[in-house]
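Single-letter residue listing:
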Amino acid sequence: MNKGMDILALPHVFLNKLMRRVEIKDRLRLRQTCRTFEKIVAETNAGYFEIGGTAQRNGTISMSLGDAHFASIEYTEHGLDDFLHLRNRLFNGISFGKFQFNVNHSDLFLDFIRTFTDHFKFKIIHFVVEAAQELENALQVMADFSSTTFSMDLWFVPATEKLLSIPPLETIMIAECQTDTNAISTVLSMYYHYGKSPYGLFPCFYSRGLIKNTPIVVEVFFKLLTKHKTIYMGGKPAMISSSDLKEIMQIISSDTRERLVSMTMKCTDIQPDLRYFGVTEDAKNGDVCGEFEVLEVPQEPLYCTSMLLRYRKCWITIQGNVWGSSDTMVTVNIANCERLS
Amino acid sequence: RIYPLMRVTLTTSDGASVTVSRQLTKHSGFIEKAITDMAVDDNAVPLSAVAVDVDDATLKLVIEWLTEHRDDALPYPEKTDEERRADDIPAWDQAFVQKWDTKEDQQQTLYAVITAADKLDIKGLLDMTCKTLANKINGKTVEEMREILQLECDFTEEELAEIRKENAWCEN
């Protein structure tokens, strides 16, 4: 056996594999060990990470790549150049399951994203968009990565024409906040750092009056439904009737793909629909009410309960106290697979 | 089609000969290609010897690993998206690596097996040794990494200070 071997003499194919397995923080330390390893770190792919993203606040941008968080820098050409310099010293490529861009409205954002993401691979790019110009920038980034899957949180309601021009998304969330962006930052911070979906936080934000009903009319909603696989709505579409709601269920039920529509609303907005379907406060587990089967009725304590209904191939889950008073918020999930409901 | 009873003689870089079953060598892309290149009838027994650029001691370890993994599925599954995971080394493999004598020898033996796995194109063994080394350095300090990988620091103080300054942006 050769007793004089050192790691730097190992085959390149092995070193490349090894460097795909070490974390970003280990890469930072490895580049301090010796000149050769500093070069290996810079010239190898960092591998795959489940999640990454950029966040912007008060003129600064910060970034998370796998296990490493890069502190905020000023959103200037000089600051971004520094960012790119360190990226170039840390890896020559990287892949993400999901990468979140909090989209900025400036032209610098587009230039930066195009440069920064050179040699990046994404399964899903998730955009967080708060204004019309940011949506324009997001659409341009989508055009750059045409073969990637996209999802988007829209924290405002764009003009109808613009809303309908958004290409098909894996998931679209549409909600409006009544207050400034601090509320949004809070939601996003929880979303990003704790990996929690903001959608589950809607009832809490509603109760604080932070999220308004989304003024999307039912005709527009049906067009969105034909395009996007999963839709989260901060409210019920305007002018939607009980038969419209049933039509949504029929569309989702007949789709072979996994589909979900989730709407957060006041419980008093869904109660008339349930009664129209034949489901009342007296319903019990196993009851058949018209075309609906009651799989689960609310249990005590009512604030953390849920109702589960079945309509054709649809599961309808109503999270929250569905038979509560007017200020009680519920989330209605309509899905064609049990996992999503 | 592989004939489990068919045997292949391997000649090592230090002149030894080892005869093994095709059931083991089917996991080595290099040996399989060598046999294919001989253009002999698969039923021909014995085959001509295949020369491998691996020493006898290392080849014995490789054969020990191949024997344990003789029933592993082929082709070896490419797991590009899951490559980061390094905590799924089978218990037998962990014990296999751990039994290699003293600390220094263990590292040298590991490097020799890695090189052999690469030369013989045994993807499963290369993967396992890669995970083993990644686990050794993950979460370690710079000094510990130098010690584990037996590296000499060849930076000047100024260069090291510059790298630390760049890293501080991320490490805080």
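Cut-offs and rules
Residues numbered from 1 in each chain as written. Chains lettered and ligands numbered in written order. Predicted model: local features only at pLDDT ≥ 70, side-chain atom pairs only at ≥ 80, totals over all residues. Heavy atoms only, no water. Helix = DSSP H or I, 4+ residues; strand = E, 2+ residues; numbered from the N terminus. Buried < 20%, exposed > 50% of the residue type's maximum accessible area, 1.4 Å probe, protein only. Contact = heavy atoms within 4.5 Å. Areas by Shrake-Rupley, 256 points an atom, 1.4 Å probe, with all protein chains shown as cover. Pairing = 2+ DSSP bridges. Domains from an automatic or database assignment. Buried area = accessible area lost by both parts, 1.4 Å probe. Salt bridge = Lys/Arg side-chain N within 4 Å of Asp/Glu carboxyl O. Polar contact = N/O pair within 3.5 Å; in protein donor to acceptor, adjacent residues only side chain to side chain. Nonpolar A, V, L, I, M, F, W, Y, C, P; charged D, E, K, R; others polar. Right-handed = clockwise from strand over helix to strand, strands pointing away. 1 Å grid on protein atoms, 1.4 Å probe; cavity = no way out; pocket = protein on both sides within 12 Å on 5 of 7 lines; lining within 4 Å. Points joined across faces, edges and corners; volume = space filled by probe spheres on them. UniProt positions renumbered as here; feature names shortened; annotations may be inferred. Expected span 1.5 Å × (residues − 1).

Considering the overall build of chain B
Secondary structure assignment for chain B yields 8 helices and 3 strands. Its helices and strands in sequence order give chain B the pattern β-β-α-α-β-α-α-α-α-α-α, from N to C terminus. Out of the 172 residues in chain B, the part that is buried amounts to 45%. In chain B, once contacts between residues fewer than 6 apart in sequence are set aside, the share between residues at least 24 apart is 62%. Just so you have it, chain B exposes about 9000 Å², and 50% of that area is on carbon and sulfur atoms.

Some points on the sheet that holds strand β2 (residues 17-21) of chain B
All names here are of chain B. Spatial strand order, β2-β1-β3: 3 strands in an open sheet with mixed pairing. Two strands in the sheet have a free side with no partner beyond their single neighbour: β2 and β3 (50-51). Note: strand β1 (residues 7-11) against β2, 5 bridges, orientation antiparallel. In the strand pairing of β2, threonine 11 is matched with serine 17.

Overview of the domain arrangement of chain B
Residues and elements named next belong to chain B. If you check the domain split of chain B, you get domain 1 (7-138) and domain 2 (140-172). Tallying the contact residues gives 10 residues for domain 1 and 6 residues for domain 2. A combined buried area of about 630 Å² lies between domain 1 and domain 2, and 47% of that area is made up of carbon and sulfur atoms. Across the domain 1-domain 2 interface, the total number found is 0 salt bridges. The interface formed by domain 1 and domain 2 contains 4 residue pairs in polar contact (both at pLDDT 80 or more). Elements supplying a minimum of two residues to the side of domain 1 that touches domain 2: α5 (103-119) and α6 (123-137). Sort the elements by how many residues they give to the side of domain 1 that touches domain 2 and α5 lands first, with 5 residues. Grouping the amino acids of the side of domain 1 that touches domain 2 by side-chain chemistry returns 3 nonpolar, 4 polar and 3 charged.

Quick word on the pairing of strand β6 (residues 149-154) of chain A
All names here are of chain A. Taking burial as the measure, the 6 residues of β6 include 5 buried ones, the bulk of the element. Two strands pair when backbone bridges link them, and strand β5 (residues 120-129) and β6 are joined in this way by 6 bridges, in the parallel orientation. Residue pairing for β6: valine 129 is matched across the bridge by leucine 154. Summarising the sheet, β6 and strand β7 (residues 171-174) pair through 4 bridges and their orientation is parallel. The partner of leucine 154 across the bridge, within β7, is isoleucine 174. Read from β6 through helix α7 (residues 160-165) to β7, the crossover connection turns out right-handed.

Looking at empty space enclosed by the protein
Scanning the entire structure with this criterion turns up 2 cavities of 30 Å³ or more. For the largest cavity, the calculated volume is near 40 Å³. Every residue lining the largest cavity is listed: Leu245(A), Met249(A), Ile270(A), Leu274(A), Phe277(A), Leu309(A), Ile316(A), Ile318(A) and Val332(A). Elements represented by at least two residues in the lining of the largest cavity include exactly α11 (242-254), α12 (267-277) and β15 (314-319) of chain A. The biggest single contributor to the lining of the largest cavity is α12(A), with 3 residues. A per-class count over the lining of the largest cavity returns 9 nonpolar, no polar and no charged. By volume, the second largest cavity is sized at about 40 Å³. As for the second largest cavity, its lining consists of Leu10(B), Val20(B), Thr25(B), Ile31(B), Leu59(B), Val62(B), Ile63(B), Leu66(B), Leu120(B) and Ile122(B).

Topic: the interface of chain B and chain A
Across the boundary between the two partners, chain B contributes 48 residues, which contact 45 residues of chain A. For the pair chain B and chain A, the summed buried surface comes to about 4400 Å²; carbon and sulfur atoms form 60% of the total. Scanning the region where chain B abuts chain A turns up 4 salt bridges. Taken together, chain B and chain A are joined by 13 residue pairs in polar contact (both at pLDDT 80 or more). Listed by contribution, the elements that provide at least two residues to the side of chain B that touches chain A are α3 (56-68), α5, α6, α7 (142-149) and α8 (157-171) of chain B. The element that contributes the greatest number of residues to the side of chain B that touches chain A is α8(B), accounting for 9 residues. Broken down by class, the residue content of the side of chain B that touches chain A amounts to 20 nonpolar, 10 polar and 18 charged.

A closer look at the pattern of salt bridges
By the definition in use, this model includes 25 salt bridges over all chains. Ionic pairing is found between Asp127(B) and Arg21(A), a salt bridge with its closest N-O pair at 3.2 Å. On the criterion of chain membership, the pair formed by Asp127(B) in helix α6 and Arg21(A) in helix α1 (residues 12-21) is interchain, its members lying in two chains. By relative accessible area, which is 8% here, Asp127(B) ends up buried. Residue Arg21(A) is classed as buried on the basis of its relative accessible area, which comes to 2%.

Some details on the UniProt feature "domain: SKP1 component dimerisation" (unreviewed entry) in chain B
The positions that UniProt labels "domain: SKP1 component dimerisation" (unreviewed entry) are, in the present scheme, residues 123-170 of chain B. Helix makes up 77% of residues 123-170 of chain B and strand 0%, and the two end C-alpha atoms of the span are 34 Å apart.

Let's talk about the environment of Ser28(B)
Residues and elements named next belong to chain B. As for its position among the elements, serine 28 is in the loop between α1 (22-25) and α2 (29-37). On the accessibility criterion, serine 28 (0% relative accessible area) is buried. Along the sequence, serine 28 and leucine 120 sit 92 residues apart, while their C-alpha atoms lie 5.5 Å from each other.

Describing α6(B)
It helps to recall that an α-helix has 3.6 residues per turn; residues three or four apart then point in one direction. Residue and element names in this part refer to chain B. Its 15 residues give α6 an end-to-end C-alpha distance of 21 Å, which sits within 8% of 21 Å, the value for a rise of 1.5 Å per residue. Along α6, the residues that are buried comprise Gly124, Leu125, Leu126, Asp127, Met128, Thr129, Cys130, Lys131, Thr132, Leu133, Ala134 and Ile137. Glycine 139, located one to two residues past α6, shows a positive phi value of around 80°.

Details of the environment of Met6(B)
By the secondary structure assignment, Met6(B) is in the segment before β1. Sequence separation between Met6(B) and Val20(B) is 14 residues, and the spatial gap between their C-alpha atoms is 8.5 Å.

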